[in-house]
Amino acid sequence: MAGRRWGRRERALLWGVLVAAWEAAWGQLRYSVAEEMPKGSFVGDVAKDLALDLPALRDRGVRIIDRGRTQYFALHGNSGHLVTAERIDREQLCESAQQCVLRCELIAEGDMKVYGIEVEITDINDNAPSFREAETELRMSEMTAPGSRFPLRDAQDPDVGRNSLQSYELSGDEHFSLAVQAGPGGDQRPELVLAKALDREEAAFHELVLRASDGGEPARTGTARIRVAVLDANDNAPVFSAAEYTVRVAEDVSVGSTLLTLTATDADDGMNGHVKYSFKKITEKSSQIFQLDSETGAVTLMQSLDFEEAHSYQLEVQARDGGGLSDTAKVSITVSDVNDNAPQISVRSALSEISEDAPSGTVVALLHVQDRDSGANGEVRCSLAAGVPFRLEKSLENYYRVVTTRELDREEVPQYNVTVRAADGGSPSLRSSAVLALRVLDVNDNAPVFAEARYSARLAENNAAGALVLRVRAADADWGQNARVRYRLREGRVRGSALSSYVSVQAETGALYALRSFDYEEVREVGLWVVAEDGGAPALSSNVSVRLEIVDENDNAPQQAQPNTDWRFSQTQRPGTSGSQNGEEGGAWPNNQFDTEMLQAMILASANEAADANSTLGGGTGTMGLSARYGPQFTLQHVPDYRQNVYIPGSTATLTNAAGKRDAKATNPSGGNKKKSGKKEKK
């Protein structure tokens, strides 16, 4: 039997542990704390129950958010304990409610998580029963029959359970006794019972004391003095037209409005038939909202109603005639909700900046949306402005997360002002909005782009060293250091020398400079590549080709070449006009400066005339006859270079190239002088 009992206890303990673990896993913690505890009192070990280590608890930005307007709880950062933030009065918060529960949330900003916490405020016996009136006077006719009952004002104790009102006692006179009736809600209603017939001539007044006690340890008590005045006979009591009055009013009804009018009648005449109205049972809060006209029975509104604070009010009224007889009735006032509260959007946690390469689904904000209205008026629909790469995800209860739907592009949109809209289901609907400002941080995802696909420039030769050739420009769509562009040359060579010895590029501006003076006869064109590189890590780069054309200038006079040993000329008749004899009588020809210049002039002049079509073909294939001016002396062979072979008609002498030297030697052993004509060969 004992083993079976221990088995049940173990199972019950295991079940409690499993329930607590399940609640913690689903983000819901429950604690209890007695009211009136001093500020800083322990409520629960949140860190232990959520399995959070203390360093992580401090680093994640954990904080407590109360749902009400007052912060009742705080989180102790060093211990992870939930403690009271101020002294809590259960009766002030929950009045006569049997269970008083405060709710708050624990926000972990670093993890974007939220945990619900419920704390039950347990009652202590800090209130004694009290009567609304310390002294009450009752008027009774001396004709009142023994056994007659007279309702007394009951005491109020805002505590609950055993700490609330438990019993009444009456003392003071043998003519009266006390009876306690149970009300519909289980409350105790004291009644004064006439135990012995009254005799006004014997005693015109009777003094009594009514004591109310609660069940606390120790018990608290409250008293009221009752004075009974004996009157002449009044045999009719007032009677209400209804045992219970019910009325429904909208919460936006104007202050000063009459909600209902009570009616009670008394068949007696005079003072015995004059009825006055009063509240017999009403809470302190309700007494500040409703007013009862003692003469007319009209119930009017003294303060605005708020459905979100109280849905209904239960009152008890009394009609008393001049003879002290009375009747009671109940008044039930139900408050109807009006859509008078717009949704409230609270940003519990939010990012102010996000990297443009953050993955899709990144949480940027945690929002709490609440509408204090009820029913459709309190149903809230949330949405984001169209055209933004974000969406809303429902979280715990009224919490939403704003997450990205794709990677962002800072170059497209550098900053977002995300508008969150909330609308309730009322008619007309009430709306509110909140704006989340989110700056997009740059990532080096764009290489520099040159303004042109290729560059070219012309530079006159003989330029000054350091002359500006041109500027290349590249732009980078990124921002900050990622968009800072620097320029450099790609390695290359010009005529066997390093490219960097000819030109340079300014790293910051992209200006291309010539480092030396160019000579068209040596370098006619320079091709190079310029690299643009940004400041990212890792850096991105691009390159562009640059063509530099050297422009010729007339910086070289015609040059006289020395005789060319590759050419030899022998003849029996020297050339001249009309066969005249010039120069020396014998020997090689040309044999002096005059003859050489004469031969050069004749060849060039004939070539020009041939180009102008003034000459005719003659001689053998591959030769061109000279003009009539020089024809008798020689003909010019038509070869790619007209200056290489010259033949003299009617003579065995020939002016040839190196190959032709052998022919000349065979016909005439005498040698000729060398001469190279024309401007130097341009490279």
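Here, every reference points to the structure presented above.
What counts, and where the lines are drawn
Residues numbered from 1 in each chain as written. Predicted model: local features only at pLDDT ≥ 70, side-chain atom pairs only at ≥ 80, totals over all residues. Heavy atoms only, no water. Pairing = 2+ DSSP bridges. Helix = DSSP H or I, 4+ residues; strand = E, 2+ residues; numbered from the N terminus. Axes fitted to C-alpha atoms, helices over the stretch in contact; angles between N-to-C directions. Buried < 20%, exposed > 50% of the residue type's maximum accessible area, 1.4 Å probe, protein only. Core = buried A, V, L, I, M, F, W, Y, C linked by side-chain atoms within 4.5 Å. Contact = heavy atoms within 4.5 Å. Polar contact = N/O pair within 3.5 Å; in protein donor to acceptor, adjacent residues only side chain to side chain. Phe/Tyr/Trp six-rings, centres within 6.5 Å; stacked < 30°, edge-to-face > 60°. Lys NZ or Arg CZ within 6 Å of the ring centre and 35° of its normal. Patch = residues over 30% accessible without salt bridge, like charges linked within 9 Å, V, L, I, M, F, W, Y side chains within 5 Å. Areas by Shrake-Rupley, 256 points an atom, 1.4 Å probe, with all protein chains shown as cover. Salt bridge = Lys/Arg side-chain N within 4 Å of Asp/Glu carboxyl O. Lys, Arg positive; Asp, Glu negative; His and termini not counted. Charge placed at Lys NZ, Arg CZ, Asp CG, Glu CD.

1. With respect to the sheet that holds strand β27 (residues 380-384)
Judged by pairing direction, the sheet is mixed, and its four strands sit side by side in the order β25-β31-β30-β27 without closing on themselves. Because the sheet does not close on itself, it has two edges, and the strands there are β25 (353-355) and β27. The mean inter-strand angle of the sheet, taken between neighbouring strand axes irrespective of direction, is 30 degrees. Alignment of β27 against strand β30 (residues 415-424), held across five bridges, turns out to be antiparallel. Each bridged residue has a counterpart across the sheet, and for L384 the counterpart in β30 is V420.

2. Notes on the pairing of strand β6 (residues 101-108)
For β6, the buried fraction is high: six of the eight residues fall into the buried class. Where strand β3 (residues 62-66) meets β6, five bridges bridge the pair, whose relative direction is antiparallel. Residue pairing in the sheet places I65 in a bridge with E105 of β6. As judged from the eight bridges shared by β6 and strand β7 (residues 113-122), these two strands associate in the antiparallel manner. Pairing of R103 across the sheet is with E118, part of β7. Following β6, the chain reverses through four residues before pairing antiparallel with β7; M112 in that reversal takes a positive phi of roughly 55 degrees.

3. Some thoughts on the nonpolar core
Judged by nonpolar contacts, the single largest core of 29 residues is most densely connected at F450, Y487, F518, L528, V530 and L548. Those elements that provide at least two residues to this core are β33 (454-460), β34 (468-471), β36 (486-489), β39 (503-505), β40 (511-514), β41 (525-533) and β42 (541-551). Setting aside residues no more than four positions away along its own chain, V530 makes contact with F450, V472, Y487, R488, L489, V505, S542, N543, V544 and V546. Counting residues in hydrophobic clusters, the runner-up holds 28 residues, among them L262, Y277, L305 and Y313.

4. Focus on the side chain of E461
Inspection of the secondary structure puts E461 in the loop between β33 and β34. Judged by its relative accessible area of 2%, E461 falls in the buried class. A polar side-chain atom of E461 sits 2.7 Å from the main-chain amide nitrogen of E553. If we ignore the near neighbours within four places in the chain, the residues touching E461 are F518, D519, Y520, E521, I550, V551, D552, E553 and D555.

5. Comments concerning the environment of A197
Tracing the sequence through the fold places A197 in the loop between β12 (188-194) and β13 (205-214). Exposure remark for A197: the relative accessible area of 42% places this residue in the partly exposed category. With 52 residues separating them in the primary sequence, A197 and A145 have C-alpha atoms 6.4 Å apart. Once residues within four sequence positions are removed from consideration, A197 is found in contact with P146 and H175.

6. Considering the packing of aromatic side chains
A full pass over the atoms with the stated rule returns eight aromatic pairs. Summarising the aromatic geometry, the rings of F240 and Y277 are spaced 6.1 Å apart at their centres and angled 45 degrees between planes, so their arrangement reads as tilted. Residue F240 is found in strand β15 (residues 239-240), and its partner Y277 is found in strand β19 (residues 276-281); the two are separated by 37 residues along the sequence. In this structure F240 comes out as buried when scored by relative accessible area, which is 7%. The residue whose ring lies beneath R227 is F205, and the NZ or CZ to ring-centre distance is 4.0 Å.

7. A look at a negative patch on the surface
A cluster of acidic residues, D199, E201, E202 and D232, forms a negative patch at the surface. Of note, E202 is situated in the loop between β12 and β13. By relative accessible area, which is 58% here, E202 ends up exposed.

8. Section: the sheet that holds β6
Strand order across the open sheet formed by four strands is β1-β7-β6-β3, with mixed pairing between neighbours. The sheet terminates laterally at β1 (28-34) and β3, the two strands that pair on one side only. Ignoring which end each strand starts from, the neighbouring axes of this sheet average 30 degrees apart. Where β1 meets β7, seven bridges bridge the pair, whose relative direction is parallel. Bridge pairing links R30 to E118 in β7.

9. Considerations on the pattern of salt bridges
Taken as a whole, this structure holds 24 salt bridges when the rule is applied. Across the pair R439 and E353 runs a salt bridge whose closest N-O atoms are separated by 2.5 Å. One end of the pair, R439, is in strand β31 (residues 431-441); the other, E353, is in strand β25, and 86 residues separate them in sequence. A relative accessible area of 37% places R439 in the partly exposed class. The exposure class of E353 is partly exposed, given its relative accessible area of 35%. Salt bridges sharing common partners tie together D154, D187, R189, K280, K281 and E316.

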